[in-house]
Amino acid sequence: MSGSGTVVGPDGLRRCPWGLETESMADYRTYHDTEWGRPVHGDDALFERICLEAFQSGLSWLTILRRREGFRAAFAGFSVEKVAAFTEEDEARLLADPGIIRNRAKIAAAVANARAAAQLGEGELDALVWSYAPPGRRAAPRTSADVPALTPESTALAKDLKKRGFRFVGPTTAYALMQACGLVNDHLAGCAARGTQLGAP
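First, a word on scope: everything that follows refers to the structure included in this document. Keep in mind it's a predicted model, so treat the numbers as computed, not measured.

What follows is about the overall build of the protein chain. Check the secondary structure of the protein chain and you find 10 helices and two strands. Ordered by position from the N terminus, the helices and strands of the protein chain form the series β-β-α-α-α-α-α-α-α-α-α-α. Radius of gyration (C-alpha) of the protein chain: 17 Å, near the 17 Å computed for a compact globule of 201 residues. In terms of principal-axis extent, the alpha carbons of the protein chain reach across some 50 × 35 × 25 Å. When the 201 residues of the protein chain are sorted by exposure, 46% land in the buried category. Sequence-distant contacts in the protein chain: of pairs separated by 6 or more residues, those separated by 24 or more amount to 64%. For the protein chain, the exposed area adds up to about 9,500 Å²; of that, 52% sits on carbon and sulfur atoms. A gap of 5 Å separates the mean positions of the 24 positive and 24 negative side-chain charges of the protein chain.

Quick look at the structure:
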């Protein structure tokens, strides 16, 4: 569906094509309609999204959605303070947890990212991430092919995060974070969810 425009769902509403993936329409549709592209604020909330985007690398987003509650339980609700205090024993516990993606490098990155976020101070991860929201109003993408994989802003955000000790935050992952957290509005023109976004125009 790389060049597709909006498609009509069973409820008659037009959506971005990925929001109606047949593999699991309900999971994707709910995430598309209620979360993706809506502004996310707060250090813990953004830390969760950074972690989930990193764990998604190389996998289907559906895999992450289906394990999201498992991730939240395993990572102490994605509390920056709590995860920053995780020990080697905690990392070993996570490697044995079937409720998450048991990838040693990604687990270690999540802990390292919590420690990097904790070093920033309260509220500073939120301020840092949102400082890379692109200025001005962009034209709505008309098809999926019009949506970039990365941008100058996501490249700069990734560089800044890496400089501060964050891992698994390349420019493509950073742009996925920006899309998911509402720094940009990449719902396609005509998508029913596009007009509900309260952040980026």
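Turning our attention to the nonpolar core. Membership of the largest hydrophobic core comes to 50 residues, with the highest contact counts inside it found for Phe47, Phe55, Phe71, Phe75, Leu125 and Phe166. It is helix H7 (residues 104-120) that contributes the most residues to this core, seven residues altogether.

Attention now moves to the packing of helix H9 (residues 152-163) against helix H10 (residues 171-180). With their axes 8 Å apart at the nearest point, H9 and H10 run at an angle of 110 degrees to one another. One finds that H9 runs roughly perpendicular with respect to H10. Along the contact surface, H9 presents Glu153, Ser154, Thr155, Leu157 and Ala158, while H10 presents Pro171, Ala174, Tyr175, Leu177 and Met178.

Thresholds, definitions, all that
Going along each chain's sequence as written, the residues are numbered from 1 onward. Given that the model is predicted, a residue must reach a pLDDT of at least 70 before its local features are reported, and side-chain atom pairs must reach 80 or more before they are shown or counted; all residues, however, enter totals for whole chains, interfaces and linings. To obtain the side-chain values, all non-hydrogen atoms of the structure were used and water was disregarded. Helical segments are the DSSP runs of H or I of at least four residues, strand segments are the runs of E of at least two, and each set is numbered from the N terminus. Only C-alpha atoms enter the radius of gyration; for comparison, a globular chain is expected to reach 2.2 Å times N to the power 0.38, where N is the number of residues. The buried label goes to any residue with under 20% of its type's maximum accessible area, the exposed label to any with over 50%, and the partly exposed label to all in between, with areas taken from a 1.4 Å probe on protein chains only. By definition, residues are in contact when any of their heavy atoms lie within 4.5 Å. Each accessible area is a Shrake-Rupley estimate made with a 1.4 Å probe; only the visible protein chains count as cover when residues are assessed. Neither His nor the chain ends contribute to the count of charged residues, in which Lys and Arg are positive and Asp and Glu negative. To locate a charge, take NZ of a lysine, CZ of an arginine, CG of an aspartate or CD of a glutamate. Note on terminology: a nonpolar core comprises buried Ala, Val, Leu, Ile, Met, Phe, Trp, Tyr and Cys residues joined through side-chain atoms within 4.5 Å. Simply put, an axis is a line fit to the C-alpha atoms, just over the touching stretch for a helix, and the angle between two N-to-C directions goes from 0 to 180 degrees. Should an angle fall under 35 degrees it is taken as roughly parallel, and over 145 as roughly antiparallel, whereas 65 to 115 is taken as roughly perpendicular and any remaining angle as oblique.

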